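Here are the chains, one letter per residue:
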Amino acid sequence: MMKQRSFCTSLWQCYFEYSTPKILVIRSFKVGTLNRFTQALVIAYIIGYVCVLKKGYQDTDTVLSSVTTKVKGIALTNTSDLGLRIWDVADYVIPPQEENSFFVLTNLIITLNQTQSRCPESNSTGFYCTSDRDCRVGLRDTRGNGVQTGKCVNYSADVKTCEVWAWCPLEMDAEPPVPPMLGDAENFTVLIKNSIRYPKFNFNKRNILPHVNTSYLEHCVFNRITDPDCPIFRLKDMVTEAEEDFQTMAVHGGVMGVQISWECNLDMPSSWCVPKYTFRRLDNKDPVNNVAPGYNFRFAKYYKNGDNQETRTLIKGFGIRFDVMVFGQAGKFNIVPTLVNIGAGLALLGLVTVVCDWIVLTCMTKKNLYMEQKYSYVDDFQLLSSETP
Amino acid sequence: MMKQRSFCTSLWQCYFEYSTPKILVIRSFKVGTLNRFTQALVIAYIIGYVCVLKKGYQDTDTVLSSVTTKVKGIALTNTSDLGLRIWDVADYVIPPQEENSFFVLTNLIITLNQTQSRCPESNSTGFYCTSDRDCRVGLRDTRGNGVQTGKCVNYSADVKTCEVWAWCPLEMDAEPPVPPMLGDAENFTVLIKNSIRYPKFNFNKRNILPHVNTSYLEHCVFNRITDPDCPIFRLKDMVTEAEEDFQTMAVHGGVMGVQISWECNLDMPSSWCVPKYTFRRLDNKDPVNNVAPGYNFRFAKYYKNGDNQETRTLIKGFGIRFDVMVFGQAGKFNIVPTLVNIGAGLALLGLVTVVCDWIVLTCMTKKNLYMEQKYSYVDDFQLLSSETP
Amino acid sequence: MMKQRSFCTSLWQCYFEYSTPKILVIRSFKVGTLNRFTQALVIAYIIGYVCVLKKGYQDTDTVLSSVTTKVKGIALTNTSDLGLRIWDVADYVIPPQEENSFFVLTNLIITLNQTQSRCPESNSTGFYCTSDRDCRVGLRDTRGNGVQTGKCVNYSADVKTCEVWAWCPLEMDAEPPVPPMLGDAENFTVLIKNSIRYPKFNFNKRNILPHVNTSYLEHCVFNRITDPDCPIFRLKDMVTEAEEDFQTMAVHGGVMGVQISWECNLDMPSSWCVPKYTFRRLDNKDPVNNVAPGYNFRFAKYYKNGDNQETRTLIKGFGIRFDVMVFGQAGKFNIVPTLVNIGAGLALLGLVTVVCDWIVLTCMTKKNLYMEQKYSYVDDFQLLSSETP
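About the thresholds
Residues numbered from 1 in each chain as written. Chains lettered and ligands numbered in written order. Predicted model: local features only at pLDDT ≥ 70, side-chain atom pairs only at ≥ 80, totals over all residues. Heavy atoms only, no water. Least-squares fit on C-alpha atoms with pLDDT ≥ 70 in both. Salt bridge = Lys/Arg side-chain N within 4 Å of Asp/Glu carboxyl O. Buried < 20%, exposed > 50% of the residue type's maximum accessible area, 1.4 Å probe, protein only. Helix = DSSP H or I, 4+ residues; strand = E, 2+ residues; numbered from the N terminus. Pairing = 2+ DSSP bridges. Axes fitted to C-alpha atoms, helices over the stretch in contact; angles between N-to-C directions. Contact = heavy atoms within 4.5 Å. Buried area = accessible area lost by both parts, 1.4 Å probe. Polar contact = N/O pair within 3.5 Å; in protein donor to acceptor, adjacent residues only side chain to side chain.

A. Region of interest: the relation of the copies chain B and chain A. Placing chain B over chain A gives an RMSD of 0.2 Å and needs a rotation angle of 120 degrees, together with 0.0 Å of translation along the axis. Taken together, the rotation and translation describe the operation of a three-fold axis. For chain B, the smallest separation between a C-alpha atom and the rotation axis is recorded for Lys22(B), amounting to 3.1 Å.

Written out as structure tokens, the structure reads:
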């Protein structure tokens, strides 16, 4: 019945050969239990972690997103410079449109009626002088506000600074007003429209969910508990969720991250795929080791007066930039990753034999018995040749 | 010749030991065919799917991209407010430059000569009143256009609304004009310059291909059939490819995705690595469950009149934002993924034995014969000890 | 002791069975050395490449980043059109804020006092004419600057072109000035504040490192050797590091990539996780096969004169756009990838047996001896049935 033959006498026979390893079965309570326990561990890992937690049977895709935003609200300021003034969206959103981001002005230092002319350098820059010899014609310093004319002029009654050619009068180098001028911005609302796509699965969805109707959208405001599906956010709520105080943040400005997460299991009904909003402050508010804390930038409005001379209003605008960050991953059943994960799991099951073999052959009392049964030896050592029968 | 010995008498011998499993070869038409057929399946999967389709022998890298855009074209409008007016690129691209995106104004509601003053609230906001008691001084509502002064004034002959301090006159809350004012925008062209880099392979390329010369670029327009390499796109063509109507979309605006795909096999000549353009509408045009459909934003131009009083022209601009999305993956032969994939393939071949064993030992008529040959047993059960010789 | 039995007489016994393959140990200098050498190769690959180089025992995460920038510096120009004029940050950064990018104006072609009116088409557009019949009323051509009125007028003493309704006077279609008007921009500095986050490890860091104090930040400038931790960059230094000449690049503009790389091994002290800055030119400076080389765009400032008529100053601005690109990957020890990599490594060790078997059974002189020991045969061929005992 069993027959030892030379290896594969013909290709034809070789084709119909099936090789399978010879197996030694050890029947033992200890070894068997160890074996089954290790197998159970591996299977639990594969099913529990790989399949259930990591969804290894799914193919995945990352999100493509498009975001548009629309801020609403008005603020009122009353200053000696500007008088009573109303600020609307065209005034405080700068630039008027951006791709994934919007900026809301919350505080400002305004310098009216600047013209190209001569004036004494600001005293904070350190260009003090006693005579014209202390000033260098044409000096352009990054600390300075203009090009020095070489003259030394009175900055105030008792301080003299070098004269500069610049947009004069210079901006007052002061801390921004407290409370912030546009503190009303905390009640502004923003409508965030986000349309996403998982190209691999040809799946599109938007953050305005199908069950949300137009009349609801006209008055709702996002609230994590009562209105979790409303895409209209009050600025103060967003800042508060990030555990910041709006009025404090508004003074120097800052950067807020509006994170929209779209984790979707597309094996489930598509209505289960909903956005999850979180808010986080992105810039560093720690005053230590910081330069220019907060977020601000300068911009100007240009005018021409009757003589065709250009004047401008310089605004150092402090405010909050909201970066809308959309991320997420969708998964859907696919045969290829399923096969790969089953394969990898079975490979891990192979490790069970390695571990059990090691324990059986080194720790068990009957290890010599098992070893004799498991191993056969062929010696090819010349020094051992005498031992061969 | 063959000798049973105790395990590894010395480390020296152990070093020169080579362990190989003992194999049972079953020569059978049925089993052999089953075995070869399963092996062929696995090998076909590895070669066909992993190597050819997924290019498992390649290392991959994702694209780094830089985009600049330049819109060209002029539009003419003739309205009672503005008279005959020409619009050029500095008028309709807002803001004038963005990183991966550009906006073209296609329609607008213009409000001229706004000043900070008092006027009756617009009737669409619902702030109707019969006397001053219906209005609250200082009320700032997100629906409103300004801060209420507490007075009730005539909005029209028979309607009274609360007076507000605002940029007056208020914008007429109306639907945008149909046909769109800048419908001419359909003939605008945009030059999209895209330079990409695959850092891992130190490979750079741009969407202006080497064989395209300057004189061709001066007059060409992208056409999928006749001019597929021209990087100049007519706005209407892009919208039409996304199966939308330009004039309809221009009324309320929208967001278009200009997708540039750079899928490159760098084992092939680099001239085969060319961009592929596709166009898709990104926003939701469905009027159901939608607020503020389309894409619009408000911006203003500020002026000062002779008395140094600030006036502004408010524009509610509707238009199409084109988001240029560059994506892609390059692959190039690398020894490491090749080894990994061959290894994984051989591991899968190991599964063939598992499957065949199961069939041979449960379904074949001679299964007992095979089982006897394949398995040896060592019993360690105390209850079975009597059976041991 | 050893006993051949029918397969798994009861489920109970089956549960306590442990199957382990029977092994043939070949003791031979040649085969043993070959075996150990191949094993050493695989182990060296696993430890050296997978563990040390690729850090296969680590879980990885990609960076989330937020960037803000602040440019400082002033430039002086002296032209016949504008006279002596100073340019500060509100003048040359357009738009005043962007998300991951900033633009610095370096050169410009300015057209003052444009109004909506009639003027002869520019001669570079090719709309030459001899009489009104050569011009078409209402023609809007992408090459042209306005809408033709149908008249033929004198462009200069000896050239006649079609008249257009446009923003007149038209921009002079000329090359940008050399040297660039705002060549002073090379000494501008930019503070780049970058805050990153690895969400999976809850790790935050910013490019202003803890040991950098505020007084140092007030005057430092980045230098790869002396000040590698200073987040303030001189524009010229960035361009020079990318092996470009600032003054040359400033004439036509261009796009620079400021790459911040955050490769972090979070098993090490977090202070070892520092940003690495590199600079690269992103656009194509090669004049061959190029249209509109460099980077420029048109924008306008709008004014109203005494008669309430709108005029504008058109600026064709050339400049350098700096795209801040933040990328990186952090790794931290995690048990799952460690297990997966150990498993994959052991699977590769299984390949050693395949390779050695092949060599032993085909190349060695004693191959028949090994083969006899390794293989047992069961024949199931009908044609061979006579051979079965």
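Now, onward.
B. Structural view of the pattern of salt bridges. This structure, assessed with the given rule, holds 45 salt bridges over all chains. In this structure, the salt-bridge partner of Asp283(A) is Arg281(A), at a minimum N-O distance of 2.7 Å. The burial state of Asp283(A) is the same as that of Arg281(A); both residues are buried. Measuring nitrogen to oxygen at the nearest pair gives 2.1 Å for the salt bridge that ties Asp184(B) to Arg140(C). Here Asp184(B) is found in the loop between strand E9 (160-168) and strand E10 (189-198), whereas its partner Arg140(C) is found in the loop between strand E7 (101-120) and strand E8 (147-154) on a different chain.

C. Here's a closer look at the sheet that holds strand E1 (residues 17-21) of chain C. Strand order in the open sheet made by the three strands is E19(B)-E2(A)-E1(C), with mixed pairing throughout. Edge strands, defined here as strands with exactly one partner in the open sheet, are strand E19 (375-379) of chain B together with E1 of chain C. Across the sheet, the axes of successive neighbouring strands diverge by a mean angle of 25 degrees, strand direction being ignored. Pairing geometry for strand E2 (residues 23-27) of chain A and E1(C), over five bridges, is antiparallel. Counterpart to Arg27(A) in the pairing with E1(C) is Glu17(C). Contacts between helix H8 (residues 367-374) of chain B and the sheet are confined to E2 of chain A together with E19 of chain B, with E19(B) contributing the most and set at about 60 degrees to the helix.

D. Fine view of the interface of chain B and chain A. Listed by partner, the interface residues are 86 residues for chain B and 84 residues for chain A. For the pairing of chain B and chain A, the buried interface totals around 8,000 Å² over both sides, and the portion due to carbon and sulfur atoms is 56%. Here chain B and chain A share five salt bridges between them. Along the contact surface separating chain B from chain A lie 31 residue pairs in polar contact (both at pLDDT 80 or more).

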